[in-house]
Amino acid sequence: MSAEESPDPDDPLEYWIEEHRKVVRNPATVNGDRNALNHLKEYLEEKGLKPSELTRAEAINFINWLKNKPNLSNRTIDTYVGKYNEFYGYFSDRGTFQVNPISSALNEVKIEYDDTPVRRDISVEEMAEFLRSINHPQRFTICTILAKTGMRGGELLNLDLRDLHLDYPNINEHLPKPRSEIREQPDTLIVDSNVTKGQPHNGEVRDDGNKRERTTLIPLDNELKQTLIYWLACRLPSRSDAEPLLQLGSGRNGKVQGDRHSNSGIHSCVRKEAEAYGWYEEGAGLEWNVTPHYFRHFFTTHARQRFDDQTVVQYIRGDAGKETMDTYTHNWGDKVENQYRENIFKFFE
């Protein structure tokens, strides 16, 4: 339906859900829409109002009414209010309703909540035991890299062999020449910010992009170096001239053995090992489950306890400010390399 048309249904709430269903198609999302709009319907019936009669003042009262619902968290209310904003925006844009009262109300009412997800607390010793339990070479490598660097799963799958500089002659003769940025930095890997989803990088179109705003050089301590040497000795040949670090061992989802690993594939690798260890349960949520992103949380938590300079942790994660990134890039050896190798937690000593 175009924005120029002006629908006038008998039941705007149900009409919007049905129109939204045509676009969204995900049953879970549609059910969430219906749950949200049921609260709006309850309030309107309680006040004797039609949806079109909700004013800005009534919208403020409605949001405060939601806050007093004992079974709704502020996080859920914030999600629901987003749905109401979509609902009223849909009809106001098409001229059915004169205004969007929810949008106006949000200038006055704030819905505050802590959006930091609660995650299980895993010690370095417990993580070491978990890693030692992994017998699959690639899964062991994936989990160890994620835990020791805090990089995102998408950044890991985008690593190519040229992004590594290992000071180990027996391996180096079988690797492509390291990128110029790390050619003089032995035992280092580089995470490039210039990797965009759907665009070619190093001769290969990428399924996922890297979320860093600045390219980051990450030092390798002896444990991470030995892990990479171990993996390179096991690694299957690649089908891509880009020579990805991680590739599929079998075909799936339109890919074949030797293709670059996928984000869903890395999630699957971590899930299988975490599930076997009792750290993942279907539907349990972030509080219980260990996923690729959990390792970013683990790295940040434990690195902050050990590093004197907290901005080193931000630099390695790739979320430091531009000025810090520039300074640490130019003084990498003193500010990053030494700090990391002296303070990073150990799993296999």
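Residues numbered from 1 in each chain as written. Predicted model: local features only at pLDDT ≥ 70, side-chain atom pairs only at ≥ 80, totals over all residues. Heavy atoms only, no water.

What the protein chain contains, in helices and strands, is 15 helices and five strands. Taking the principal axes of the C-alpha coordinates as reference, the protein chain spans close to 80 × 45 × 40 Å. Put simply, of all contacts in the protein chain between residues at least 6 apart along the chain, 62% involve residues at least 24 apart. For the protein chain, the exposed surface amounts to about 17,600 Å²; the carbon and sulfur share of it is 43%. Mean positive and mean negative side-chain charge positions of the protein chain (45 and 57 charges, respectively) differ by 2 Å. (Helix = DSSP H or I, 4+ residues; strand = E, 2+ residues; numbered from the N terminus. Contact = heavy atoms within 4.5 Å. Areas by Shrake-Rupley, 256 points an atom, 1.4 Å probe, with all protein chains shown as cover. Lys, Arg positive; Asp, Glu negative; His and termini not counted. Charge placed at Lys NZ, Arg CZ, Asp CG, Glu CD.)

Here we come to the packing of helix α6 (residues 124–132) against helix α11 (residues 263–277). Interhelical geometry of α6 versus α11 gives an angle of 110° and a closest axis separation of 10 Å. In terms of axis orientation, α6 runs roughly perpendicular to α11. Taking contact as the criterion, the partners of E126, E129 and F130 in α6 are, on α11, E273, A274 and Y277. Of the residues that constitute the contact of α6 with α11, the class distribution is three nonpolar, no polar and three charged. (Axes fitted to C-alpha atoms, helices over the stretch in contact; angles between N-to-C directions. Parallel < 35°, antiparallel > 145°, perpendicular 65-115°, else oblique. Nonpolar A, V, L, I, M, F, W, Y, C, P; charged D, E, K, R; others polar.)

On to helix α4 (residues 74–93). Helix length check: α4 (20 residues) gives 28 Å between terminal C-alpha atoms against 28 Å at 1.5 Å per residue, within 8%. All of the buried residues in α4 are I77, Y80, V81, K83, Y84, F87, Y88, G89, Y90, F91 and S92. Of the residues flanking the end of α4, it is G95, one or two places downstream, whose phi is positive at about 85°. (Expected span 1.5 Å × (residues − 1). Buried < 20%, exposed > 50% of the residue type's maximum accessible area, 1.4 Å probe, protein only.)

Under the criterion given, the structure shown has 25 aromatic pairs. A network of ring pairs unites the aromatic residues Y15, W16, F87, Y88, Y90, F91 and F97 as a single cluster. The ring of Y90 has R94 sitting right over it, with the charged end atom 3.9 Å from the ring centre. Between the NZ or CZ atom of R120 and the centre of the ring of W288, over which it lies, the distance is 4.1 Å. (Phe/Tyr/Trp six-rings, centres within 6.5 Å; stacked < 30°, edge-to-face > 60°. Lys NZ or Arg CZ within 6 Å of the ring centre and 35° of its normal.)

Looking now at the pairing of strand β5 (residues 216–219). The two faces of the sheet receive side chains in turn, since in a regular strand these alternate between them. Side chains T216 and I218 of β5 all project onto a buried face; the interleaved residues L217 and P219 project onto the opposite face, where all are buried too. Sheet topology note: the strand β2 (residues 188–191)/β5 ladder contains four bridges and is antiparallel. Bridge pairing in β5 places T188 opposite P219. (Pairing = 2+ DSSP bridges.)

With that settled, the discussion passes to the pattern of salt bridges. Should the charged atoms of two oppositely charged side chains come close, the side chains can pair. Tallied over the full model, the rule gives 25 salt bridges. The closest approach of N and O atoms between R34 and E18, which form a salt bridge, is 3.9 Å. In this pair, R34 sits in helix α2 (residues 27–47) while E18 sits in helix α1 (residues 12–24), placing the two residues 16 residues apart along the sequence. When its relative accessible area of 27% is taken as the criterion, R34 is described as partly exposed. Residue classification places E18 among the partly exposed positions, given a relative accessible area of 32%. The salt bridge involving E181 is made with R179; its shortest N-O contact spans 2.8 Å. Among the residues examined, R179 registers a relative accessible area of 8% and is labelled buried. Bridged by salt links that share partners, the residues E14, E18, R21 and R34 form one connected network. (Salt bridge = Lys/Arg side-chain N within 4 Å of Asp/Glu carboxyl O.)

Below, the discussion takes up a negative patch on the surface. A grouping of D121, E125, E126 and E129 is seen on the molecular surface, where their side chains present a negatively charged patch. Mapping E125 onto the fold places it in helix α6. Under the relative-accessibility criterion, E125 is labelled exposed at 53%. (Patch = residues over 30% accessible without salt bridge, like charges linked within 9 Å, V, L, I, M, F, W, Y side chains within 5 Å.)

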